[in-house]
Amino acid sequence: MQGIKGEKGSIGVTGTGGTPGAVGAKGATGATGPQGIQGVKGAAGTKGDKGDPGPQGLQGNVGSSGVKGSAGVPGAAGAKGERGLSGPPGTAGAMGTAGVKGDKGNPGIQGVKGDRGLPGPSGAAGAPGIAGAKGVTGAPGIPGAKGVAGAKGDPDATLSTKIVNLENKIAALEKNVISLKKVCYFQSGVVTSGNKIYVTNGKEGNYDTAKAACQGAQGTMPTPLNSAENAAILQIVKAKGRRTFLGMNDQKEEGKYMSSNGNQISYKNWNANEPNGGRKENCVEIIEQGQWIDRSCDVTNLIVCEF
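Please read all numbers here as calculations on a predicted model, not as lab measurements.

Draft legend 1. Layout of the overall build of the protein. Of regular secondary structure, the protein possesses three helices and seven strands. Taken across its 307 residues, the protein has 18% of its residues classed as buried. Counting contacts in the protein only where the partners sit at least 6 residues apart, residues at least 24 apart contribute 67% of the total. For the protein, the exposed surface amounts to about 27,000 Å²; the carbon and sulfur share of it is 55%.

Draft legend 2. Spotlight on helix α3 (residues 227–240). Under the 1.5 Å per step criterion, the end-to-end length of α3 is 20 Å for 14 residues, consistent within 8% with the ideal 20 Å. Residues of α3 that are buried: E229, N230, A232, I233, L234, I236 and V237. In this fold, the buried residues of α3 make contact with β1 (191–193), β2 (196–205), β3 (244–249), β5 (283–286), β6 (292–295) and β7 (301–306). Residue N226 occupies the N-cap position of α3, its side-chain oxygen lying 3.2 Å from the main-chain nitrogen of A228. Two residues or fewer after α3 comes G241, characterised by a positive phi angle close to 65°.

Draft legend 3. Representation of the state of the cysteines in the model. Applying the stated criterion to the full structure yields two disulfides. Covalently, C283 is tied to C297 through a disulfide, its sulfur atoms 1.9 Å apart. Classification of the bridge connecting C283 and C297 rests on its S-S torsion, roughly 100°, and on that basis the disulfide is right-handed. With a gap of 14 residues between them, C283 in strand β5 and C297 in the loop between β6 and β7 connect regions that are remote in the sequence. Each member of the pair, C283 as well as C297, carries the same accessibility label: buried. Taken in sequence order, the bonded cysteines of the protein link in the pattern 1-4, 2-3.

Draft legend 4. Broad picture of the packing of aromatic side chains. Counted according to the given criterion, the structure contains four aromatic pairs. A ring pair is formed by Y267 and W292, whose centres lie 5.7 Å apart and whose planes are at 80°; its orientation type is edge-to-face. Separated by 25 residues along the polypeptide, Y267 in the loop between β4 (258–259) and β5 and W292 in strand β6 bring together distant segments of the chain. With 5.9 Å between their ring centres and 75° between their planes, W270 and W292 make a pair best called edge-to-face. In this pair, W270 is assigned in the loop between β4 and β5 and W292 in strand β6, connecting sequence segments 22 residues apart. Classification of W270 by relative accessible area gives partly exposed; the value is 21%. Using a relative accessible area of 0% as the deciding quantity, one classes W292 as buried. One aromatic cluster in this structure is built from Y257, Y267, W270 and W292.

Draft legend 5. Quick peek at the pairing of β6. Where β5 meets β6, four bridges bridge the pair, whose relative direction is antiparallel. Counted as the bridge partner of E285 is I293 from β6. Between β5 and β6, which follow one another and run antiparallel, lie five residues, and G290 among them has a positive phi close to 95°.

Draft legend 6. A look at helix α2 (residues 207–216). When α2 is considered as a whole, its buried residues turn out to be Y207, A210 and C214. The buried residues of α2 occupy an angular sector of 65° when projected down its axis, which confines them to one face. Those residues of α2 that are exposed and aimed more than 90 degrees away from the buried face are D208 and G216. Those residues of α2 hidden inside the fold are in contact with β2, β3, β5 and β7. Immediately beyond the C-terminal end of α2, within one or two residues, lies Q218, with a positive phi of roughly 65°.

Draft legend 7. Spotlight on the pairing of β2. Pairing of β1 with β2, which is carried by three bridges, proceeds in the antiparallel orientation. Residue pairing across strands places T192 opposite I197, the latter belonging to β2. Of the strand pairs in this sheet, β2 and β7 are connected by five bridges, and their pairing is antiparallel. Each bridged residue has a counterpart across the sheet, and for V199 the counterpart in β7 is C305.

Draft legend 8. Looking closely at unusual backbone geometry. A cis amide bond, omega -5°, links E274 with the succeeding residue P275. Tracing the backbone shows P275 in the loop between β4 and β5. Here Q218, not a glycine, exhibits a phi torsion of approximately 65°, which is positive. With respect to the helices and strands, Q218 occurs in the loop between α2 and α3. For Q218, a relative accessible area of 70% corresponds to the exposed category. In this structure, N273 takes a positive phi of about 60° despite not being glycine. Structurally, N273 is set in the loop between β4 and β5. Owing to a relative accessible area of 69%, N273 belongs among the exposed residues under this scheme.

Cut-offs applied
Residues numbered from 1 in each chain as written. Predicted model: local features only at pLDDT ≥ 70, side-chain atom pairs only at ≥ 80, totals over all residues. Heavy atoms only, no water. Helix = DSSP H or I, 4+ residues; strand = E, 2+ residues; numbered from the N terminus. Buried < 20%, exposed > 50% of the residue type's maximum accessible area, 1.4 Å probe, protein only. Contact = heavy atoms within 4.5 Å. Areas by Shrake-Rupley, 256 points an atom, 1.4 Å probe, with all protein chains shown as cover. Expected span 1.5 Å × (residues − 1). Polar contact = N/O pair within 3.5 Å; in protein donor to acceptor, adjacent residues only side chain to side chain. Disulfide = S-S within 2.5 Å. Phe/Tyr/Trp six-rings, centres within 6.5 Å; stacked < 30°, edge-to-face > 60°. Pairing = 2+ DSSP bridges. Arc of directions from axis to C-beta.

Written out as structure tokens, the structure reads:
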């Protein structure tokens, strides 16, 4: 049979620590704590290595013009150039003003007194005396009676007839002129363009010969002012199988072609790479295709004139 329960004994000696248990699961994140006090500024770190250059920036706007610099010191004088060719004589200058009148010369030595001359002829009659004062104007006379009106002239009864006859004569004259032109064109192969007429005499010559021939016939060398006139001149060149000079040249100033009467040309029809002859080729020739080339003025071409 069980005995009576005894009294509680004294606390025993603490046993040795047991083995740590396994780490428990991570607890939930606690609420953010209050901001801590700012710490003391740390010492500056060592300088880092130089970084790679950044990309090139956009081009800036053009700056305003700078202030003009002061003039530089003049350079040393260059060597004296060779003397140029003598220019043409200048035009005569205007007549200068009269010089200051010179001082009066010393009187000459008095000559020997001559013999007394013979008495001269009687003098002419004196001038008439001064005219007397004009008299007082008299009172006007009484007007005369009005004359009788003249008879009216007879009109020329034949005037209208004379006008009709004159108009008929002008019409007949114009018809004859047209007929004569047709005959002339048929015989010589004349070509027209607008109001201009181009014709050849069939002869040949250099530029000066052709110019003289045209002037002698009261005409000029052909100078086309447009493509239609150029085409008209080309018809003669093709029909005769010979080139001709045009009325223009650059004899006065190289590269500046002027017409033979001194006017500057406006219409041009140069061939490719023309003009190219320099000072050796100062005249203009129209070729078989209608273009122009510069040519020596001494070559021989068909003479064509413009009227």
